[in-house]
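For reference, the chains in residue letters:
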Amino acid sequence: MKELPTQVHTMAHCFTPTIAELDDVDTVSITMKFSSGAIASLDLSRLSTYGYDQRTEVYGSKGMLMNHNTSPTGLRHSNSNGETAQPMYYSFPQRYAASYRGELVHFLNLIQGLEEPRIVKKDTLLSSHIAEACEESHRTGQAVSLSYDHLMTSPSAHEKGAVTEAGSVAMEQDTKAAATA
């Protein structure tokens, strides 16, 4: 899409007393509007009894993309009684083991100067700005319009710095240790 939301509206509630005591919520719905007219809807809940539900569906004029919950095999059995499947992966470490390894390798390559950052300061600032607007909308009950002018002039996140010889040697040792883990 390559555009940022211009407006967000958040509705949320907490059904879990221990979470409510922390002034937090367990069920959230966020609507985002974009300058092109596109609308995104995000639904979040900590109350999924069958595991950590993460699905993505994107609809557009040229088709649809779907990414459903992952399970160890993806095998489903259908018969006259309905459909059964293996339980989905329950936790972040189970679902994202390959991604976490990729992040660690990327981090080690960054420190050694072999790669440029995939995420820069501006990306983090933009994400935080949107998240803060969603929080404000939840607290006020009103839609919040977003402007990014003050963030678009931020300096780039990465400025090349010198890596000491001692740091390089320590990193090589850490890389070998991580590779054998």
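Residues numbered from 1 in each chain as written. Predicted model: local features only at pLDDT ≥ 70, side-chain atom pairs only at ≥ 80, totals over all residues. Heavy atoms only, no water.

Caption draft 1: The arrangement of the overall build of the chain in detail. Across its full length, the chain holds six helices and eight strands. Along the chain, helices and strands appear, N-terminal first, in the series β-α-β-β-β-β-β-β-α-α-α-β-α-α. Across the chain, every contact between residues at least 6 apart in sequence was considered, and the portion connecting residues at least 24 apart equals 45%. In the structure as shown, the chain presents an accessible area of about 13,500 Å², 57% of it carried by carbon and sulfur atoms. (Helix = DSSP H or I, 4+ residues; strand = E, 2+ residues; numbered from the N terminus. Contact = heavy atoms within 4.5 Å. Areas by Shrake-Rupley, 256 points an atom, 1.4 Å probe, with all protein chains shown as cover.)

Caption draft 2: The pairing of strand β1 (residues 5-13), seen in detail. Here β1 runs beside strand β2 (residues 27-34); their pairing, made up of eight bridges, is antiparallel. Across the sheet, the residue bridging to H13 is T27, located in β2. Relative to strand β8 (residues 144-145), β1 runs antiparallel, the two being bridged by two bridges. Among the inter-strand pairings, V8 is bridged to a residue of β8, identified as V144. (Pairing = 2+ DSSP bridges.)

Caption draft 3: Just the packing of aromatic side chains, in detail. Overall, the coordinates contain two aromatic pairs when judged by the stated rule. Between the aromatic rings of Y96 and Y100, the centroid separation amounts to 6.5 Å while the plane-to-plane angle is 70°, which identifies the pairing as edge-to-face. Its relative accessible area of 27% is what places Y96 among the partly exposed residues. (Phe/Tyr/Trp six-rings, centres within 6.5 Å; stacked < 30°, edge-to-face > 60°. Buried < 20%, exposed > 50% of the residue type's maximum accessible area, 1.4 Å probe, protein only.)

Caption draft 4: Fine view of a nonpolar patch on the surface. A cluster of nonpolar residues, Y52, F92 and Y100, forms a patch on the protein surface that exposes about 290 Å² of accessible area. With respect to the secondary-structure elements, F92 resides in helix α2 (residues 92-95). Residue class for F92 comes out partly exposed when judged on its relative accessible area of 37%. (Patch = residues over 30% accessible without salt bridge, like charges linked within 9 Å, V, L, I, M, F, W, Y side chains within 5 Å. Salt bridge = Lys/Arg side-chain N within 4 Å of Asp/Glu carboxyl O.)

Caption draft 5: Local environment of helix α4 (residues 121-140). Helix length check: α4 (20 residues) gives 28 Å between terminal C-alpha atoms against 28 Å at 1.5 Å per residue, within 8%. Inspection of α4 places L126, H129, I130, A133, C134 and S137 among the buried residues, and these make up the whole buried set. Down the axis, α4 shows its buried residues gathered within 135° of arc, on one side only. Elements in contact with the buried residues of α4: β1, β2, β8 and α5 (149-152). Where α4 terminates, the next one or two residues include G141, which has phi positive at roughly 75°. (Expected span 1.5 Å × (residues − 1). Arc of directions from axis to C-beta.)

Caption draft 6: Geometry of the environment of F34. Mapping F34 onto the fold places it in strand β2. Remark: the alpha-carbon pair of F34 and P5, spanning 29 residues in sequence, is separated by 4.5 Å. Excluding anything up to four places from it in sequence, F34 contacts M1, E3, L4, P5, T6 and A40.

Caption draft 7: Representation of the pattern of salt bridges in the model. Enumeration over the complete set of coordinates arrives at five salt bridges. Here R76 ties to E83 by a salt bridge, and the two come within 3.1 Å at their closest N and O atoms. Given a relative accessible area of 54%, R76 falls into the exposed group. Owing to a relative accessible area of 49%, E83 belongs among the partly exposed residues under this scheme. Here R118 ties to E115 by a salt bridge, and the two come within 3.6 Å at their closest N and O atoms.

Caption draft 8: Broad picture of helix α3 (residues 97-111). With 15 residues, α3 should cover 21 Å at 1.5 Å per step; its first-to-last C-alpha distance of 21 Å lies within 8% of that length. Among all positions of α3, only H106, L108 and N109 are buried. With its buried residues spanning 165° around the axis, α3 presents them on a single face. Directly beyond the C-terminal end of α3, a positive phi value near 75° is found at G113.

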